[in-house]
Amino acid sequence: MTPYSKDFPVSWEELHRNARALSWRLLEQGPWKGIIAITRGGLVPAAILCREMDIRLIDTICIVSYGEDEKGNGAMKQGELNVLKGVEGDGEGFILIDDLVDTGRTAAKVREMLPKAHFATIYAKPAGKPLVDTFITEVSQDTWIRFPWDMEYTFSTPLADRQGK
Ligand SMILES: O=P(O)(O)OC[C@H]1O[C@H](OP(=O)(O)OP(=O)(O)O)[C@H](O)[C@@H]1O
Ligand code: HPA
Ligand SMILES: [Mg+2]
């Protein structure tokens, strides 16, 4: 059974605003040598951060953990972590960026790979929060965040029509 009972849709505008807020926080803590994005969710935040912070050195850690759950409703369940591509060194002076931390399993893995990097996310859930150095918005553990790149505009049934269904 999925541990997620709430949906939290995020618009492009909201994501952009939060990523810019994160840039402000990280700028104060620099200077930085570069950004390492955790693919794929870290790629859009990384693009916004490096534009705001004038960072030109961008690398990736390519890691896969979640697959679609058995209901096929877009919520995911986590499998084995599979690192497709790492990065040389210990991460000193680099920002390691991801869209969110949930259980913290991905964070624990990348921290083990790059122990001196500064780990930043836009969103954090309580279980993963202790593993993040800087984040912007906390959501509850039973919330599934829906990023704008995973959604499209569609008809919404009026609330009154949904009652009793
Ligand atoms: O804290 P955790 O429970 O480990 O979950 C967080 C990770 O899960 C998601 O990535 P996912 O593996 O789904 O891949 P994607 O970024 O390619 O969509 C998200 O982007 C984080 O990287
Ligand atoms: O809440 C979430 N939303 C999107 N991807 C995720 N990967 C882990 N948790 C989440
Ligand atoms: Mg990811």
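Quick caveat, the model's predicted, so the values are computed rather than measured.

Draft legend 1. Geometry of the nonpolar core. Leu-26, Ile-35, Leu-49, Ile-95, Ile-97 and Tyr-123 are the most contacted members of the largest nonpolar core, which totals 22 residues. For this core, the elements supplying multiple residues, two or more each, are helix H1 (12–27), strand E2 (34–39), helix H2 (43–53), strand E5 (94–101) and strand E6 (118–124). Among the elements that take part in this core, H2 stands out by supplying five residues, more than any other. Residues contacting Leu-49, with those up to four places away along its chain left out, are Ala-19, Leu-22, Ser-23, Leu-26, Ile-35, Ile-95 and Ile-97.

Draft legend 2. A look at H2. Within H2, burial applies to Pro-45, Ala-46, Ile-48, Leu-49, Cys-50 and Met-53. Asp-54 sits one or two positions beyond H2 and adopts a positive phi of about 55 degrees.

Draft legend 3. Looking closely at the UniProt feature "binding site: guanine" (unreviewed entry) in the protein chain. Per the UniProt record, the feature "binding site: guanine" (unreviewed entry) sits at Asp-102 and Ile-145. Sequence-wise these annotated residues cover 44 residues; spatially they are packed, their C-alpha atoms never more than 9.8 Å apart. With respect to the helices and strands, the residue Asp-102 is situated in the loop between E5 and helix H3 (105–113). Given a relative accessible area of 7%, Asp-102 falls into the buried group. Relative to the elements of secondary structure, Ile-145 occurs in strand E8 (residues 143–146). Those residues in contact with Ile-145, other than ones at most four positions away along the chain, are Phe-8, Val-10, Leu-100, Tyr-123, Lys-125 and Val-139.

Draft legend 4. Here's a closer look at the confidence of the model for the protein chain. The predicted model of the protein chain has a mean per-residue pLDDT of 92, with 90% of residues at 70 or higher. Two numbers describe this predicted complex: its pTM, 0.91, and its ipTM, 0.99.

Draft legend 5. Representation of the UniProt feature "binding site: xanthine" (unreviewed entry) in the protein chain within the structure. Here the UniProt-annotated "binding site: xanthine" (unreviewed entry) positions come out as Asp-102 and Ile-145. Of the polar contacts made by the side chain of Asp-102, one reaches the side chain of Tyr-4; its length is 2.8 Å. Accessibility expressed as a relative area gives 4% for Ile-145, which makes it buried.

Draft legend 6. Seen up close, the packing of H1 against H2. Running from N to C, H1 and H2 cross one another at 50 degrees; their axes reach a closest spacing of 9 Å. Classified by the angle between their axes, H1 and H2 sit oblique to one another. Crossing angle aside, the handedness with which H1 passes H2 is right-handed. Where H1 abuts H2, its residues Trp-12, Leu-15, His-16, Ala-19, Arg-20, Leu-22, Ser-23, Leu-26 and Leu-27 lie against Val-44, Ile-48, Leu-49, Glu-52 and Met-53.

Draft legend 7. Expanded view of the state of the cysteines. Applying the stated criterion to the full structure yields zero disulfides. Looking at the unpaired Cys-50, the closest cysteine sulfur is the one in Cys-62, lying at 16 Å. Looking at Cys-62, the relative accessible area reads 18%, which means it is buried.

Draft legend 8. Highlighting the pattern of salt bridges. One pass over the structure, following the stated rule, counts eleven salt bridges. The closest approach of N and O atoms between Asp-7 and Arg-146, which form a salt bridge, is 2.9 Å. Note that Asp-7 is positioned in strand E1 (residues 6–9) and Arg-146 in strand E8, a separation of 139 residues in sequence. We classify Asp-7 as partly exposed; its relative accessible area is 47%. In this structure, the salt-bridge partner of Arg-111 is Asp-133, at a minimum N-O distance of 3.2 Å. Taken as a pair, Arg-111 in helix H3 and Asp-133 in the loop between E6 and strand E7 (134–138) lie far apart in primary sequence, 22 residues in all. Connected through shared salt-bridge partners, Arg-20, Arg-51 and Glu-52 make up one network.

Conventions we followed
Residues numbered from 1 in each chain as written. Chains lettered and ligands numbered in written order. Predicted model: local features only at pLDDT ≥ 70, side-chain atom pairs only at ≥ 80, totals over all residues. Heavy atoms only, no water. Core = buried A, V, L, I, M, F, W, Y, C linked by side-chain atoms within 4.5 Å. Buried < 20%, exposed > 50% of the residue type's maximum accessible area, 1.4 Å probe, protein only. Helix = DSSP H or I, 4+ residues; strand = E, 2+ residues; numbered from the N terminus. Contact = heavy atoms within 4.5 Å. UniProt positions renumbered as here; feature names shortened; annotations may be inferred. pLDDT = per-residue confidence, 0-100. Polar contact = N/O pair within 3.5 Å; in protein donor to acceptor, adjacent residues only side chain to side chain. Axes fitted to C-alpha atoms, helices over the stretch in contact; angles between N-to-C directions. Parallel < 35°, antiparallel > 145°, perpendicular 65-115°, else oblique. Left-handed = near helix turned anticlockwise from the far one by under 90°. Disulfide = S-S within 2.5 Å. Salt bridge = Lys/Arg side-chain N within 4 Å of Asp/Glu carboxyl O.

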